[in-house]
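Here is what each chain is made of, one letter per residue.
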Amino acid sequence: MSILGTRVVRTEDALFLTRGATYTDDLVDDRLTGALHATFVRSQVAHGRVLAVDASAAREADGVVAVYTAEDVDLVPIPPGRPMVPPAMTRPWFAGDTVRFVGDLIAVVLTEERYQGEDAAELVSVDIEPLPAVVTTADALADEVLVFPEAGTNLMAAFGEPAPADFFDGCEVVVRQAVVNQRVAPVPLETRAAAAAWGEDGRVTIFCSNQGAQQAKAQIAGWLGLDPAVVHLVTPDVGGGFGAKIGADPEFALVAWLARQTGRPVTWVESRSENLVGMLHGRGQDQVVAIGGRRDGTVQAYSLVVDQDCGAYPRLGPVLPRLTVLMAPAVYAFPKVHAQARAVATNTTPIGAYRGAGRPEATAAVERAVDLFAAEIGMDPAEVRRKNLLPAFSEPHTTATGAVYDSGDYAAALDKVLAAGGYGELRAEQARRRERGDVRQLGIGLSVYVEITGADNGLGAGESAGMEVHPDGTATVLTGTSPHGQGHATAWAMIASEQTGIPVDRITVVHGDTDLIPRGAGTMGSRSLQQGGVAVHRAATELVELARQRAAEQLEADPADLEFDLGSAALGVRGTPGTGVTLAQLAEQEPLLVRTRFDAGGPTFPFGAHLVVVEVDTESGKAEVLRVVTVDDAGTIVNPLLAEGQRHGGIAQGVAQALLEEVRYDADGNPQTSTLADYPFVSATELPSFELVDMATPTPMNPLGAKGIGESGTIGSTPAVHNAVIDAVAHLGVRHIDMPTTPMKVWRAVQQAQQEGTH
Amino acid sequence: MQVSMTVNGRQRSDDVEPRLLLAHYLRDVVGLKATNIGCDTTSCGACTVIVDGLSVKSCTLLAAQAEGARVTTLEGLAGPDGELHPMQRAFREEHGLQCGFCTPGMVLAAIGVLADNPDPSDREVREGLEGNLCRCTGYHNIVRAVQSAARSGPAAGQVPQGPEAAR
Ligand code: FES
Ligand code: FES
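Overview of the structure. These numbers come from a predicted model, not from an experiment.

Our next topic: unusual backbone geometry. Residue and element names in this part refer to chain A. Cis peptide bonds are those with omega within 30 degrees of zero, and the linkage from M739 to P740 qualifies with -10 degrees. A positive phi angle, near 60 degrees, is found at F242, a position not held by glycine. With respect to the secondary-structure elements, F242 resides in the loop between strand 11 (231–234) and helix 6 (250–262). Using a relative accessible area of 12% as the deciding quantity, one classes F242 as buried. Of note, the phi angle at S526 is positive, near 50 degrees, even though the residue is not glycine. Within the element layout of this structure, S526 appears in the loop between strand 21 (507–511) and helix 14 (528–555). Taking relative accessible area as the criterion, S526 reaches 14% and is therefore assigned buried.

This is how it looks when you write it as structure tokens:
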């Protein structure tokens, strides 16, 4: 039986559970002996003119080796790096004239000891004249205060035109709603960290916490004007990323630059408070949905307008709404779909990718719209969905916005989740509670989703893999992906084992070292298995072929007459027992290794349906999630244990956004959630155990049949929870509540609906 | 100042800054890097260790406050022959960790949960681990791991005494 599809426990855990993983701040490396500690000084003001930065007291403090401010840095400011963004929107390394968000870099202090850095950083005196801050997308679109006056606008990018005036003509019912997809903080448990050391050979080794060493290296080399050949980037174990650790951050490059300036190794690890303002945030869209159709439940037209908050500097912000627009048609056969987006600069922390990155926002919008439409016409939301879903397809389907879905059966996913959840009985229980006027009302929320994974598939980069068998019979797999919790060490070993017969525990998977693996695209956008895993599959296949050629020469046989025996990892002449030569023996004579690459024909489109049950206390407004039932179809599953883990984590982050988490700013752009005591990070008590239902529709896009699974849970669960909370109080007259559906917001919505109801 | 304590069964004595946190002492002075630091507001539990039989967030204590204490970190859980503690084994079998950053603290806090309640319900495990944050697992498999460890017997709620100070 193939090892693929089985629940192999992780090989990495033996170490993770006994000595702990080795994150950047855990490194014990000769190159870092005697390293200086970097502590950044950041702006406490959202928008302002820098009048003076005085580091003289800090320079005299205990243990301080150097302090650098804007005037000490001669590096070229960081360009936007996106063709659609006005070139004037550059980021200085340290703010010299203007600070643009609370967290903007002003100076760095280098000290002998860790604790000395915090003391000295406080001695850097910064004089800032505050300017009015651009905090919301509405502020930004007004273009009255400009984040970059030289650009003449706050607009970073725009996609599409407004919908034509007659777009909803002929619809019996049209519902419009402004919907907030709030800004959230990714909060990987490991904050950002970097360390760098220059060698006598003129090369720099940079260790940093990231999701793809090769991309991080290219960025750092580009920013610092270094020949990429002198940069060796190493990714130690990484304590979570969720999109926020894609590529390099300016701080990483500064650590490398400072190491050269001082001639000493430099390390940096940020505090959580620094992380919550300094690391990229996610989401941050203000949307307007409009949906029109007939009273029989047929939707005829759907439109979406997105205003994306990009924060103070362009990172992935200007690109995210493109994915939202692309996925606007979702799982539906709506005859007309229109989507338009604008992306703007504000005086807030820059926005980047966060689990789903642009696609959860599309699903949240349409799934809310469908529920609003269902409520308006008084039809069961499951019924409205069923009526409008695309029929099952196994040939590619092209949507109104140009996405090419590979395969899907959305109605089957919906039916499965309704059956597993016991939908009819849930509605009956809800009716009983409504009838009785219970304080604790039941809410049932649905979502059906499709998402794009491996969006870079087919664009040429692909993913690299290598495999080498050693004379002792062990093997090494090299991958360009960059696991940070996903379990690639196990999954890639399973894939290699299936082809070569080498046991999983004798295969070491290596990633995140640009000297060993010069090419790689990393782990993001649910791409790793369908690109990197398949590349490993190809490497293992090619390795067996190479072995076959060598064995044929040695055995003086026709390669076609050789049979590969998985049990012994040996090649022998068919029908002649005892003639075999093992991969290990071949490796003894001459290194047995291959390097290869795989690029899928195109992206894949996992889909599924979620059903969520909540209980809402109508007196306090508090919502409790009782059940989360999910169908997540990601094609063929290599390791169900790992796939389920991805679903669990994804679901939790969706529940968190729908119910709790939000990055908040006051009117002056001061963050209100800059510590973990203030940011309502979801804990174990706020979640139930999850009920997962299996469904697997293989994709034709790669030989493993696998689609992405990393983000599905989040994409499906966010709107299902959101819809459930509103459903719980819908009978009281509530139509919509924005996320996060906190007790206060739910309570207010109920009060308001009741007041309106009595007038 | 001088502090003395027993870490994973080994007696030690070190000269430290009075303000040094126990978490930094364990990581930077003792060199035990499994204990992680995930916040600066005592919110995340990544730094949880066991001090005199109780699970404690090691960023809430100064090293000096642990004077004379017996401290157990993740590195002190497995047997001398490498045999995993029942909680470690359960986390592995139930896939209770992904990135691993919350894991050392989570495993030790989970042992603390079972020390108080050897047969906790799903809800009781969740309440017991409320102070330990995990961003990767959605807690689902962590809860399963703790319950599976509980089923394996009373050792799951105990810390080994470790090799006696060979000083
Ligand atoms: S480091 Fe977060 S609680 Fe100790
Ligand atoms: S496993 Fe990553 S934070 Fe828990």
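Further remarks concern the sheet that holds strand 26 (residues 607–617) of chain A. Residues and elements named next belong to chain A. Overall, mixed pairing links the 4 strands, which are arranged 18-26-27-28 in an open sheet. Both edges of this open sheet fall to strand 18 (440–450) and strand 28 (691–693), since each of them pairs with a single strand only. Averaged over all neighbouring strand pairs, the angle between strand axes comes to 15 degrees, with direction disregarded. For strand 26 and strand 27 (residues 623–633), the ladder comprises 10 bridges, and the chain directions are antiparallel. Paired with V616 across the strands is A623, a residue of strand 27.

Residues and elements named next belong to chain A. The strand order across the open sheet built from 3 strands is 22-23-24, with neighbouring strands paired in antiparallel fashion. Because the sheet does not close on itself, it has two edges, and the strands there are strand 22 (562–565) and strand 24 (581–582). Here strand 23 (residues 570–573) pairs with strand 24 via 2 bridges, running antiparallel. Residue A570 lies in a different strand from strand 24, and its bridge partner there is T582. Sheet contacts for helix 14: strand 22, strand 23 and strand 24; angle to strand 22, the most-contacted strand, approximately 130 degrees.

On to empty space enclosed by the protein, then. All names here are of chain A. Tallied over the full model, the rule gives 1 cavity of 30 Å³ or more. Computed from the structure, the largest cavity encloses a volume of approximately 40 Å³. What lines the largest cavity is R91, R192, D249, P250, E251, G278, L280, R315 and P350. Looking at side-chain class alone, the lining of the largest cavity contains 3 nonpolar, 1 polar and 5 charged residues.

How each quantity is defined
- Numbering of residues starts from 1 in each chain and follows the order in which that chain's sequence is written.
- Key to labels: chains lettered from A, ligands numbered from 1, both in the order written.
- Only residues with pLDDT of 70 or above have their local features reported here, since the model is predicted, and side-chain atom pairs are shown and tallied only from 80 upward, although totals for entire chains, interfaces and linings are computed over all residues.
- Hydrogens are left out, water is left out, and the side-chain values use all remaining heavy atoms of the structure.
- Counting from the N terminus, the helices are the DSSP runs of H or I reaching at least four residues and the strands are the DSSP runs of E reaching at least two.
- For each residue, the accessible area found with a 1.4 Å probe, counting protein chains only, is set against the maximum for its type, and the residue is called buried under 20%, exposed over 50%, and partly exposed in between.
- DSSP-based pairing: two strands are paired if at least 2 bridges between them are found.
- Note on definitions: angles span 0 to 180 degrees between N-to-C directions of axes, and those axes are lines fitted to C-alpha atoms, for helices only across the stretch in contact.
- Contacts between residues were defined by any pair of non-hydrogen atoms, one from each residue, lying within 4.5 Å.
- Cavities and pockets were defined on a 1 Å grid built over protein atoms only: a cavity is a set of grid points that admits a 1.4 Å probe from which the probe cannot escape, a pocket is an open set flanked by protein on both sides within 12 Å along at least five of seven lines, and lining residues are those with an atom within 4 Å of any such point.
- Grid points are joined across faces, edges and corners, and a volume is the space filled by probe spheres set on the points.
- Under the convention adopted here, Pro, Cys and the residues Ala, Val, Leu, Ile, Met, Phe, Trp and Tyr are nonpolar, Asp, Glu, Lys and Arg are charged, and Gly plus all remaining residues are polar.

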